[in-house]
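# A structural walkthrough
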Amino acid sequence: MFETLTPRATVAVGLLAVIPTVIFGVTRSGLGGLIATVNVVLIFAALYVAMSPLEGPARTAAHDASA
């Protein structure tokens, strides 16, 4: 079921975690909510980059010469 989700869709759904952190920041601790929100955005940005497909071959000229 979850195998068919694209990385972009997965990260978009994951960013829904920002909503509780904003609510926490508004109702409890403004600074704590801000820090939690930044952490959530950083985590999902890193996941987006890590799960993105490569755009081309990752071979270098040095690697090709040694083969």
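Residues numbered from 1 in each chain as written. Predicted model: local features only at pLDDT ≥ 70, side-chain atom pairs only at ≥ 80, totals over all residues. Heavy atoms only, no water.

## Concerning the overall build of the protein
Helices and strands together make up the secondary structure of the protein, namely four helices and zero strands. Helices and strands in the protein line up, N terminus first, as α-α-α-α. Expressed as a percentage of the 67 residues in the protein, the buried residues total 13%. Carbon and sulfur atoms form 72% of the exposed surface of the protein, whose accessible area is close to 5400 Å². (Helix = DSSP H or I, 4+ residues; strand = E, 2+ residues; numbered from the N terminus. Buried < 20%, exposed > 50% of the residue type's maximum accessible area, 1.4 Å probe, protein only. Areas by Shrake-Rupley, 256 points an atom, 1.4 Å probe, with all protein chains shown as cover.)

## Things to note about the UniProt feature "transmembrane region" (unreviewed entry) in the protein
With numbering aligned to this structure, UniProt lists the feature "transmembrane region" (unreviewed entry) at residues 6–26 and 33–51. Between the end C-alpha atoms of residues 33–51 the distance is 27 Å, and the span holds 100% helix and 0% strand. (UniProt positions renumbered as here; feature names shortened; annotations may be inferred.)

## What to know about helix α2 (residues 18–27)
Each α-helix turn comprises 3.6 residues. Residues three or four places apart therefore point the same way. What α2 keeps buried is the set Val18, Thr21 and Gly25. Looking straight down α2, one finds its buried side chains confined to an arc of 65°; they lie on one side. Seen from the open side of α2, the exposed residues pointing more than 90 degrees away from its buried face are Val26 and Thr27. Tucked inside the fold, the buried residues of α2 contact α3 (30–51). (Arc of directions from axis to C-beta. Contact = heavy atoms within 4.5 Å.)

## A word on the environment of Ala50
Examined against the element boundaries, Ala50 turns out to sit in helix α3. Residues Ala50 and Pro7 lie 43 residues apart in sequence; the distance between their C-alpha atoms is 9.2 Å.

## A short note on the packing of α2 against α3
Relative orientation of the contacting elements α2 and α3 amounts to 165°, with a least axis distance of 7 Å. The angle between α2 and α3 falls in the class roughly antiparallel. Our pair here, α2 against α3, has a crossing hand that is left-handed. Counted together, Val18, Thr21, Val22, Phe24 and Gly25 of α2 and Gly30, Gly32, Gly33, Ala36, Thr37, Val40 and Val41 of α3 form the full contact between these two elements. (Axes fitted to C-alpha atoms, helices over the stretch in contact; angles between N-to-C directions. Parallel < 35°, antiparallel > 145°, perpendicular 65-115°, else oblique. Left-handed = near helix turned anticlockwise from the far one by under 90°.)

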